[in-house]
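Architecture and fold: a report
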Amino acid sequence: MTGHGHKPGQSPSGADDHPLKEAGPGDPADSRRATAPESMGDSAAVRELLLALSVGFTIPAPLPAALAEHDGLDSMIASAKDAGLLLPDGTVVGTAQYALLNGTPVRRIHALQRELVDKVLEEGRSLGDLARDLARSGLQDSRVADELERSADKILEADPRMAADLYAEAVMAGGEELANAARRAQAAAATGDLDAAGRLVDRLLALPEPPELRLGVDVAAAVWAQRGMLSRGADTYKWLGPDRIEGSAPLAAVAMIGSGNAAAAEELLAAQTPAGSPTLLAVALSLTQEGLRRTLGAAPQLALPELIRASDMMNAAGAPIPMPETPAALAALCALHHGEPAVAESVLKAALASGQGGDASRPRLFLLQAWSGMQQDNPDEARLAINEAVKANHWSLAPRDAFLLAALDVGLARRGGEVHELVLAWDRAREAMMHVAVDLYSLLPWGELMITAARLRETRHVSHYIDGAWDLLGRLGNPPFWSVSLHWAAVQAALLSESPAELAPHAAALVRASEHSHLASVLAAGGKAWVSVLAGRFEASDVETAARGLAAVGMPWEGARLAGHAAAHADERRDMVRLLACARDIHPQAAAPMAGISERVEDSLAAGQGPVLAENAGGPEPSGLSAREREVGRLLLEGKTYREIGEAIYISPRTAEHHVARMRRRLGAENRSELLVRLRLALGDGYPPP
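Let me sum up the structure you'll find in this document. (Residues numbered from 1 in each chain as written. Predicted model: local features only at pLDDT ≥ 70, side-chain atom pairs only at ≥ 80, totals over all residues. Heavy atoms only, no water.)

Quick word on unusual backbone geometry
In this chain, Ile59 is followed by Pro60 through a cis amide linkage whose omega measures 10°. Backbone geometry places Arg457, a non-glycine residue, at a positive phi of 60°. With respect to the helices and strands, the residue Arg457 is situated in the loop between α25 (443–455) and α26 (463–475). The phi dihedral of Asn478 falls on the positive side, at around 50°, and the residue is not glycine. In this fold, Asn478 is placed in the loop between α26 and α27 (480–497). For Asn478, a relative accessible area of 43% gives the class partly exposed. (Helix = DSSP H or I, 4+ residues; strand = E, 2+ residues; numbered from the N terminus. Buried < 20%, exposed > 50% of the residue type's maximum accessible area, 1.4 Å probe, protein only.)

What follows is the structure, encoded as structure tokens:
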């Protein structure tokens, strides 16, 4: 070292930027690597070789011209290997590479990198992964940027997350930031990064002559839809206009019909230029808009098959393009509105298996699958699907999906009879609904929230949203295909509110729709049966028919609840047994409790006892309470009212009240507070305070 006339840690020129100064002084091997170039006869040339290899050149070629023409190249390579600076495969040792790159002026490194790009392209090869390394190192070169953009374009649909990274690196390499903004936004939206996608399209659409304008509008509309503001997406397509809409017309129709403007959709489709070749994607989009338009027309029964075929074609196309709503989601929604949740589940499973819509669409497809499970009274399957939705991609749920999830939580809690969980879910739903607007594709969750609001006496919090839903349906001509489910929700809400005046118009609407809709006829019969049961004037056979009809259209929970409530109000013992058996038959998840009720009823009938005695059948437990009284006591400790207790275990509110009075006498409680304390003692640990 000293024989070369410079201090340790300095380059041969005396500067304090020795390229290998990062080597650890305490490590003999590292020390040897750090000093090796200076101990060679041609140390500057060896250093140049190592630097060239560090920036991406390879042995035997390509190499910088100065090195490739050097007579002692083989000797330099051998010396570098002997010094432990170069591995057998031609790779520079990591510590040496780090020191070289950090100790060399940036301009010198970039000059070598540009020469490397020249060499690779002269040989007719693509830069490949080298382009990514060069961009990350800070090199700005249009050829590198172009290579990265081309690579991103190739994988945009198959791997949008990688494409987003490549587009970002292209900008780092000097690519024009807004030239590919539409594709960058598409990649960001496809991964679920709505904020990044929105910022990009905002900047793009503000340009006087935006490049790839139609794609940018498609992305903007898809982002608005996921934010729960579908009408804003429709406005974006209106701004684009019929002269520039081209192949995006079907997507515009989805946004416009969903926001209640079918007339604008028809005008846009009429002005559309003839389509190009009938690719799978083109056919899928065409079938989507045709099926959706049929839901508003005179033959809505043809809509579902058309939308299912659209989903099939989209699965086959494998193109996750930006869309306000996927064909699979539309087909599933139509199946649910048509009373066929099993069909919806089948369509969704196929779409998820094929990756329809990409990562951004997976949460919504899973949540719709959960809705199908809930409607078929499969809460466990619904919760599994919810779990899949929440972890479907890197980003948190979009507002539209978060709202759907909140409504699902409310629906599951309501059907499970968990008052505490229902109140908590309702609070979450109240917040979620503030982030979205009403559209045609969100009527099911709004209907569920309408029913729950009536039960919790919180109708004021949803009334203006429900008014908006009716207004939207009115602008579309009140199509029965979409309005029947909301009318049924309004009937249930009116029943819970004990408001015959509010019930009448919705019941009449269901009757009118019955002429063209089987689902409407079933729901009309169900509503009529409920009214007769609450009035105390019903025929058990009519109620059973209505209950089984509800189960047949994917509403077994609603059917069992109707039959069970009627059983609690039946005057004849045989009617009670019949209706309880019906409730047990169509409500599999409640098979055990319903079986217990039925057995006690049958035992009491054999002993000549009446209905109330039948519910008390079974000897008292050590606590002094019968099995039925313990059941009522648990529900009372959960904070349920007499009415809610009756709905949970299929008895009348008056019978629940009798049970509570009897428990108070047996436990020697003077008042309700004392009863609750003694109940907790009698039932043991694990029961919450009221």
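Structural notes on helix α11 (residues 194–205)
An α-helix turns once per 3.6 residues; consequently, residues spaced three or four apart project the same way. Taking 1.5 Å as the rise per residue, α11 with 12 residues should run 16 Å; its terminal C-alpha atoms sit 16 Å apart, in good agreement. Burial in α11 covers these residues: Leu194, Ala196, Ala197, Gly198, Leu200, Val201 and Leu204. Its buried side turned inward, α11 meets α10 (181–191), α12 (213–226) and α23 (399–416). (Expected span 1.5 Å × (residues − 1). Contact = heavy atoms within 4.5 Å.)

Structural notes on the side chain of Glu644
By the secondary structure assignment, Glu644 is in helix α36 (residues 642–649). Judged by relative accessible area, which is 14%, Glu644 ranks as buried. Not counting the four nearest positions on each side in its chain, Glu644 is found in contact with Val419, Arg455 and Gly639.

Considering the pattern of salt bridges
For the structure on display, the rule yields 35 salt bridges. Between Arg428 and Asp409 there is a salt bridge, with the nearest N and O atoms lying 3.9 Å from each other. Of the two residues, Arg428 is situated in helix α24 (residues 419–433) and Asp409 in helix α23; the sequence distance between them amounts to 19 residues. What makes Arg428 partly exposed here is its relative accessible area of 42%. For Glu544, the salt bridge goes to Arg578, with nearest N and O atoms at 2.6 Å. Of this pair, Glu544 sits in helix α30 (residues 540–552) while Arg578 sits in helix α32 (residues 573–586); the two residues are 34 residues apart in sequence, bridging distant segments of the chain. One network of salt bridges, with partners in common, ties together Glu325, Arg364, Arg400 and Asp401. (Salt bridge = Lys/Arg side-chain N within 4 Å of Asp/Glu carboxyl O.)

Observations concerning the side chain of Arg400
Tracing the chain through its elements places Arg400 in helix α23. Arg400 sits in the buried class, given a relative accessible area of 13%. Here the side chain of Arg400 touches Pro324 through a polar contact of 3.0 Å, landing on its backbone oxygen. (Polar contact = N/O pair within 3.5 Å; in protein donor to acceptor, adjacent residues only side chain to side chain.)

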